[in-house]
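Descriptive structure summary
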Amino acid sequence: MTTTLQPVAAVHQQPEKAAATSNVDPVTGRVVTGDRPTGPLHLGHYLGTLANRVRLQEAGVPVIVIIADYQVITDRDETGPLRSRVRNLVAEYLAAGIDPDRSTIFPHSLVPALNQLMLPFLSLVTEAELHRNPTVKAEALAARRSLSGLLLTYPVHQAADILSLRGTVVPVGRDQLPHIELTRLIARRFNARYGAVFEEPVALLSAAPSVLGIDGARMSKTRGNTIPLGAGSDETAAMIRSARTDALRHITFDPIGRPQVANLLTIIGALTGTEPALVAEQIGAGGSAALKSLATEVINEALRGLRGRRLELLADPGYLDGVLLDGTARATATAVETLHSVQRAMGMDYLGEDVPASPPRVPGDASRRH
Ligand code: TRP
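Here the structure is a predicted model, which means the values were calculated and not measured.

**As for the overall build of the protein chain**
- The secondary structure content of the protein chain amounts to 15 helices and five strands.
- In the protein chain, which comprises 370 residues, the share counted as buried stands at 49%.
- Of the contacts made within the protein chain by residues no fewer than 6 positions apart, 76% connect residues no fewer than 24 positions apart.
- A total of about 17500 Å² of accessible surface is found on the protein chain, and carbon and sulfur atoms cover 55% of it.

**Points about the packing of aromatic side chains**
- Scanning the model with the defined rule gives three aromatic pairs in all.
- Both rings, one in Phe190 and one in Tyr194, keep their centres 4.8 Å apart while their planes meet at 45°; by these two values the pair is tilted. In this pair, Phe190 and Tyr194 both sit in helix α9 (residues 177–194), four residues apart, roughly one turn of the helix.
- Consider the rings of Phe190 and Phe198, whose centres lie 5.3 Å apart with planes at 70°: the pair is edge-to-face.
- Looking at Phe198, the relative accessible area reads 7%, which means it is buried.
- One aromatic cluster in this structure is built from Phe121, Phe190, Tyr194 and Phe198.
- Over the ring of Tyr154 we find Arg36, and its NZ or CZ is 4.8 Å from the ring centre.

**Some thoughts on unusual backbone geometry**
- The phi dihedral of Arg144 falls on the positive side, at around 50°, and the residue is not glycine.
- Assignment of secondary structure puts Arg144 in the loop between α7 (134–143) and α8 (149–164).
- For Arg144, a relative accessible area of 78% gives the class exposed.
- The phi dihedral of Arg166 falls on the positive side, at around 65°, and the residue is not glycine.
- Its place among the elements puts Arg166 in the loop between α8 and β4 (169–172).

**With respect to the nonpolar core**
- Grouped together as the largest cluster of nonpolar side chains are 57 residues, with contacts concentrated most on Leu43, Tyr46, Tyr93 and Ile105.
- Counting only elements with at least two residues in this core, the list comes to α2 (43–58), β2 (63–67), α3 (82–96), α10 (233–241), α11 (259–272), α12 (276–283), α13 (287–314) and α14 (317–346).
- Take this core: its biggest share by element is nine residues, from α13.
- Counting 34 residues, the second largest nonpolar core, distinct from the first, contains Met118, Val125, Ala335 and Leu339.

**Looking at the pairing of strand β5 (residues 202–205)**
- In terms of strand pairing, β4 meets β5 through four bridges, oriented parallel. Along β5, the bridge assignment pairs Val169 with Val202.
- Taken together, β4, α9 and β5 constitute a β-α-β crossover, and its handedness is right-handed.

Conventions we followed
Residues numbered from 1 in each chain as written. Predicted model: local features only at pLDDT ≥ 70, side-chain atom pairs only at ≥ 80, totals over all residues. Heavy atoms only, no water. Helix = DSSP H or I, 4+ residues; strand = E, 2+ residues; numbered from the N terminus. Buried < 20%, exposed > 50% of the residue type's maximum accessible area, 1.4 Å probe, protein only. Contact = heavy atoms within 4.5 Å. Areas by Shrake-Rupley, 256 points an atom, 1.4 Å probe, with all protein chains shown as cover. Phe/Tyr/Trp six-rings, centres within 6.5 Å; stacked < 30°, edge-to-face > 60°. Lys NZ or Arg CZ within 6 Å of the ring centre and 35° of its normal. Core = buried A, V, L, I, M, F, W, Y, C linked by side-chain atoms within 4.5 Å. Pairing = 2+ DSSP bridges. Right-handed = clockwise from strand over helix to strand, strands pointing away.

Such coordinate-based values are descriptive only and should not be taken to indicate function.
See the structure below:
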């Protein structure tokens, strides 16, 4: 089969997605985003959030990526192999084009000043409001366990993530919109009660198409239906081969009637900057076999560079840890400043302007120990 489709070299060249970044001012805009370190990133992340982050970074907007490690235990008891997952995430961010010199990557557990905002913020919301959050409700239902205090309050913690780092723009999926609304509410209430400290951030909905898993259901790590960014070419080919399609010979783009076929067409379209309907036309009578081999070819081609860089980066854990350390230092500087503003506004600035970031050290204290 011959094809005229070529993967676009860089994600930020896709014209249909440029609209998503055009309203973010590189001077005043500050993007805060995040992921839970529950497993490797997949094609859905790449097409959705990752590409958007890189595009914003390239447009000159400061981008802060939070590794939301405390959010891992909102709906499960095990933290999982966090150390390797966090390193892997850093490697995948960098391989996708996040530049650690311009953007900031850090785990929120390492920034105490950020976490401290949780206390005043919790006082600004009611229990009823927390219970009404549709995302929390859906997660509690999916987790099939009783609602933990952390699951109920994690949107408040997410507000702390965003407001602590002075985020003004938060690129999110639709499911995260209630959290951004809550963040705005907390900012408003804090300002009304204690004086203007926070700016209300806005959500930036990705213009990227949302893609399904290879089984035609929602792409999710727990369903095992994703194409991980780090999968090998052969592994990708095998996964696409096993993808569900339908028995109709002629390929058409019909998201309602033929969701699985449409999904592969959408993936090809997004990675090549082509309308999915046009991709369908080009395959036409080639049927599912041609569709799958084109999808495999396009995905492997589009991810080749990323996969190579990912492996190189994973071979150097010291470097990856350095990126985290550096990101943590930068995030801490901003978070401490925000905390000081909060404490000043609340009348907690007992020690004047230089409230220490960590407890004051008593001279000679270390030598007296033992
Ligand atoms: N809750 C987000 C998710 O599950 C991750 C996240 C944590 C986040 N902190 C954030 C996203 C701050 C945006 C901003 O995907």
